[in-house]
Amino acid sequence: MPDGPFQVVNWSIEELVSLFAKFSGTTLQVEKDQIDYFDEYFEESCCLTIVVEHPYVDHDYLDDYAAYYAKCFHPYDRFCARLHFFTCTFTEDDFVSILRGVTTDSALSAAELNSSYLGFVVVKPLPGSFIGRTCLRTYPSENRRFYPTTRNYESHLFGISLSVEAVPFQEQDSTVAMCATSALWSALHGTGKLFQHSLLSPVEITKAATLNSDDPMRFLPNVGLTDEQIARAIRSVSLEPYFVAVHNSYVLRSTVYAYLKGHIPLLLDIDLVDVNATEERNATSGAIRAPASAVNDQGDGRFTISGNAMGSHEVAVVGYCLGGQPEPLQESGFLLTATRVDKLYAHDDQIGPYARMAVDSRGFLSTSWRGDTSMQQGTVWAIPGNLLVPLYNKIRIPFEKVHDAVLPLDSVLEELRSDGAIPLSERLEWDIFLIASNDLKDEILHAAEIKGKYKQSILSRPMPRFLWRALARCGTEKVVDLLFDATDIDKGRLFLFAIEYNTQLSAAMRELGADNEVRHELLGTTADVILQSFQ
Amino acid sequence: MTAIAETEDTVQKTRAWIKSKGRSRVVCIRKTAKATEARLAKARLVDPKSLKKPISR
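These numbers were taken from a predicted model, which means no experiment stands behind them.

(A) Main features of the overall build of chain B. For chain B, the helix and strand inventory stands at one helix and zero strands. For 57 residues, the compact-globule estimate of 2.2 N^0.38 gives 10 Å, and chain B exceeds it by more than 25% at 23 Å. Overall, chain B is about 65 × 30 × 10 Å in size when its C-alpha atoms are taken along their principal axes. Counting across all 57 residues of chain B, residues that qualify as buried make up 28%. Carbon and sulfur atoms make up 61% of the accessible area of chain B, which totals about 3700 Å². When the 16 positive and 5 negative side-chain charges of chain B are each reduced to one mean point, those points stand 15 Å apart.

(B) Highlighting the side chain of Glu415(A). With respect to the helices and strands, the residue Glu415(A) is situated in helix H10 (residues 399–418). Since its relative accessible area comes to 16%, Glu415(A) is described here as buried. If we ignore the near neighbours within four places in the chain, the residues touching Glu415(A) are Trp17(B), Arg25(B) and Ile29(B).

(C) Focus on the interface of chain A and chain B. Contacts between the two partners involve 61 residues from chain A, matched on the other side by 35 residues from chain B. Summed over both partners, the interface of chain A with chain B comes to about 4300 Å²; 58% of that surface belongs to carbon and sulfur atoms. Linking chain A with chain B are 10 salt bridges, by the criterion used here. Notably, a salt bridge pairs Arg23(B) with Glu517(A), separated by 4.0 Å at the nearest N-O pair. Counting across the interface, chain A meets chain B through 23 residue pairs in polar contact (both at pLDDT 80 or more).

(D) Summary view of the packing of helix H3 (residues 59–67) of chain A against helix H7 (residues 202–210) of chain A. All names here are of chain A. At a minimum axis separation of 7 Å, H3 and H7 run at an interaxial angle of 60 degrees. Between H3 and H7, the angle falls in the class oblique. The segment H3 lies against H7, with Asp 60, Asp 63, Asp 64 and Ala 67 engaging Pro 202, Val 203, Glu 204 and Lys 207. Residues of the contact of H3 with H7, tallied by class, amount to three nonpolar, no polar and five charged.

(E) Structural view of the sheet that holds strand S5 (residues 131–136) of chain A. All names here are of chain A. On the basis of which strands lie adjacent, the open sheet formed by five strands has the order S1-S2-S3-S4-S5 and antiparallel pairing. Edge positions in the sheet fall to strand S1 (6–10) and S5, since each of these pairs with one other strand and no more. Neighbour-to-neighbour, the strand axes of this sheet turn through a mean angle of 20 degrees, independent of strand direction. Note: strand S2 (residues 49–56) against strand S3 (residues 80–86), six bridges, orientation antiparallel. Counterpart to Glu 53 in the pairing with S3 is Arg 82. Packing against the sheet, helix H4 (residues 92–99) makes contact with S1 and S2, and its axis sits at approximately 140 degrees to S1.

(F) Focus on the side chain of Asp269(A). By the secondary structure assignment, Asp269(A) is in strand S10 (residues 266–274). Of the side chains with opposite charge, Lys53(B) comes closest to the buried, unpaired Asp269(A), at an N-O distance of 4.7 Å. Look past the residues within four positions of Asp269(A) in its chain and what remains in contact with it is Asp227(A), His313(A), Glu314(A), Ile383(A), Pro384(A), Gly385(A), Asn386(A) and Ile55(B).

(G) Structural context of the nonpolar core. Residues and elements named next belong to chain A. Ranked by internal contacts, the top residues of the largest apolar core, which has 169 residues, are Leu 16, Phe 42, Phe 85, Trp 430, Trp 468, Leu 482 and Phe 484. Among all residues touching Trp 468, those that are not within four sequence positions of it are Ala 258, Tyr 259, Ile 397, Pro 398, Phe 399, Val 402, Phe 433, Leu 434, Leu 482, Leu 483, Phe 484 and Ala 486. Judged by nonpolar contacts, the second largest core, of 14 residues, contains Phe 433, Met 463, Leu 471 and Ile 499.

(H) Geometry of helix H1 (residues 13–24) of chain A. Residue and element names in this part refer to chain A. Look at H1: 16 Å from first C-alpha to last across 12 residues, which is about the 16 Å you get at 1.5 Å a residue. Along H1, the residues that are buried comprise Ile 13, Leu 16, Val 17, Leu 19, Phe 20, Ala 21, Phe 23 and Ser 24. If you follow the buried residues of H1, they end up packed against S1, helix H2 (33–44), S2, S3 and strand S4 (117–123).

(I) Geometry of the environment of Ser174(A). Residue and element names in this part refer to chain A. Mapped onto the secondary structure, Ser 174 falls in the loop between strand S8 (160–166) and helix H6 (179–195). Residue classification places Ser 174 among the partly exposed residues on the basis of a relative accessible area of 41%. Distance from Ser 174 to Asn 222, taken between C-alpha atoms, is 6.8 Å for residues 48 residues apart in sequence. A distance of 3.4 Å separates the side chain of Ser 174 from the side chain of Gln 172, its partner in a polar contact.

(J) Summary view of the packing of aromatic side chains. Residue and element names in this part refer to chain A. Scanning the entire structure with this criterion turns up 29 aromatic pairs over all chains. Relative to Phe 158, the ring of Phe 6 has its centre 5.5 Å away and its plane inclined at 55 degrees; by these criteria the two rings are tilted. In this pair, Phe 6 sits in strand S1 while Phe 158 sits in the loop between strand S7 (151–157) and S8, placing the two residues 152 residues apart along the sequence. Looking at Phe 6, the relative accessible area reads 17%, which means it is buried.

(K) Inspection of the sheet that holds strand S24 (residues 495–500) of chain A at higher detail. All names here are of chain A. Across the sheet, five strands lie side by side as S16-S21-S22-S23-S24; this open sheet has mixed pairing. Each having just a single partner strand, strand S16 (335–336) and S24 make up the two edges of the open sheet. Alignment of strand S22 (residues 466–474) against strand S23 (residues 477–485), held across eight bridges, turns out to be antiparallel. Paired with Leu 467 across the strands is Asp 485, a residue of S23.

(L) Seen up close, the pattern of salt bridges. Residue and element names in this part refer to chain A. Taken as a whole, this structure holds 33 salt bridges over all chains when the rule is applied. Of the charged contacts, one joins Arg 133 and Asp 58 as a salt bridge, the two residues approaching to 3.0 Å between their closest N and O atoms. One end of the pair, Arg 133, is in strand S5; the other, Asp 58, is in the loop between S2 and H3, and 75 residues separate them in sequence. Asp 58 matches Arg 133 in its accessibility class, with the two residues each being buried.

About the criteria used
- Going along each chain's sequence as written, the residues are numbered from 1 onward.
- Written order decides the labels, with chains lettered from A and ligands numbered from 1.
- Local features in a predicted model are, by the rule used here, given only for residues with pLDDT of at least 70; side-chain atom pairs are given and counted only at 80 or more, and totals for whole chains, interfaces and linings are based on all residues.
- Water and hydrogen atoms were dropped before computing side-chain values, which therefore reflect all heavy atoms in the structure.
- Secondary structure is summarised from DSSP: a helix means a run of H or I of at least four residues, a strand means a run of E of at least two, and numbering begins at the N terminus for each.
- Atoms counted for the radius of gyration: C-alpha only. Globule rule: 2.2 Å times residue count to the power 0.38.
- Accessible area is worked out with a 1.4 Å probe on protein chains only. A residue is then buried under 20% of its type maximum, exposed over 50%, and partly exposed in between.
- Per-residue and other accessible areas were derived by the Shrake-Rupley procedure at a 1.4 Å probe size, with only the shown protein chains allowed to occlude residues.
- Counting rule for charge: Lys and Arg are taken as positive, Asp and Glu as negative, and neither His nor the chain ends is counted.
- One atom stands in for each charge, and that atom is NZ of Lys, CZ of Arg, CG of Asp or CD of Glu.
- Contacts are assigned to residue pairs that have any heavy atoms within 4.5 Å of one another.
- Using a 1.4 Å probe, buried area is obtained as the accessible area two parts lose upon being combined, added over both of them.
- Only one rule defines a salt bridge in this text: a Lys or Arg side-chain nitrogen within 4 Å of an Asp or Glu carboxyl oxygen.
- For the purposes of these results, a polar contact is taken to be a pair of N or O atoms within 3.5 Å, where, inside protein, one atom must be able to donate a hydrogen and its partner to accept one; residues adjacent in sequence count only when each atom of the pair is a side-chain atom.
- For helices, the fitted line uses only the C-alpha atoms of the stretch in contact; every axis is such a line through C-alpha atoms, and the angle between N-to-C directions lies from 0 to 180 degrees.
- To sort the angles, those under 35 degrees are grouped as roughly parallel, those over 145 as roughly antiparallel, those from 65 to 115 as roughly perpendicular, and the leftovers as oblique.
- By the convention adopted, Pro, Cys, Tyr, Trp, Phe, Met, Ile, Leu, Val and Ala count as nonpolar, Lys, Arg, Asp and Glu as charged, and the other residues, Gly among them, as polar.
- Each pair of strands is called paired provided DSSP finds at least two bridges between the two strands.
- We define a nonpolar core as any set of buried Ala, Val, Leu, Ile, Met, Phe, Trp, Tyr and Cys residues linked to one another through side-chain atoms lying within 4.5 Å.
- One less than the number of residues in a helix, times 1.5 Å, gives the span that helix is expected to have.
- The aromatic pairing rule takes the rings of Phe, Tyr and Trp, using the six-membered ring of Trp, and pairs them if the centres are within 6.5 Å, calling planes under 30 degrees apart stacked, those over 60 edge-to-face and the rest tilted.

Take a look at the structure:
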């Protein structure tokens, strides 16, 4: 293979491993779980060609280099290589023809390259931990996979503009960044454009996290961060860290979904446990479950999982799969769309971008980690600990406040429906999530269900920048949209207004709100405020 | 049934429901909702000690 500013090679995992080895300075055979991930990802994505760009200056690595590697005795390189992946086949001559401006009918065009672009991987010149900034196209949605935190990343390859919708990923270098730094780096890339804050390099994150910390451990080389330190790094970019413990699958799924759908990536700390037994599949639903032999029922609705503890890890949750059926909430049968989530997609720096984590209904997550002793994949489960949401300071009302406000209202409406008062064929399913007012208005503008003056009145209404939306559907049909002010104070009115799609449901809500006895029982609750808005 | 008649039917049936069992059912529903809120709040409660645990894999 000739050395030069670029090379064009055919895709194969052997070729990729050889490029990783060449540019990272790794002389031995590269054995990493990320390699298995890339093999599967690029095969499924039908990758055919790789363009190698070398030397490449990577901003994040350069910061890490200046802060740490430049002062090592060993002369670490400051330049990286960048590998670009394409689903079309072309040769080095075809690529050269673009750079030389050849425009024959058969010549490869820059537009063709862009349409077949899968993204890029930066290879850092560090042995062992060389996977730098990686922006890869997500798996196809197929109407079940959702990655609301992606944004458009442009890369310029010798003047050719290429773009990919992605959330950046990189692995920890175990020196200036451990798993928590890498996960936070990915999450802050998601919030950076959304909330307009500066983007920190891995070493800047580690420094911000450990600034004024009373932790006696040394910061560089870094040995890991605590949730408190991660929170400090989040505050350094003027965001507010919001912690929620996620000790059951309902809380995990509902909280992750509510913020992710609002385009906010989340950080999740997990305890890894090797159960030394392979996962099980539910015979009817096909859902992946932790092996029964490893799960212990605590009797209070909580479960534990036993096996070899492998330590704590942090991932950035960037997507979800709505592949399941809604699971009714224990006491009331409340149906939440978020309970359809059967998998999370996380940037797990030890596995790869968009790594699949199946949600076990008892609160565990599957992983693609290998067991420390068994070295097998599929036997390591994650026990979720705390979920950390990096929030813009104006988003003050948490998801649970809105969830709990809708809960009693849904029960009343369900009683009316099941008694035949409201002609709805199915129980309402509630889709509760954060939304920016601009996104809501854009949806309303294009919504066929709302017309005329009603549409105009909603669109011209002043709204806060962030709202909580509780959209009720009967089957696939929208019946009512309840909108809450996410910027309000805890004891505030909270509810803003409703968008009515179903006249029967609205009529029933009007009657409920007009009755003094019902009102008396709901007085002081948000449910009462909602019903009064229908008067 | 026309849309207006259907709406009037819903109004009458809702009034009848309120009159027959509205108040008692709402009291019961609020009680259940409060129990659910408490259970979920417990599951969401962050243990301050867990924030100091090093995450290092």
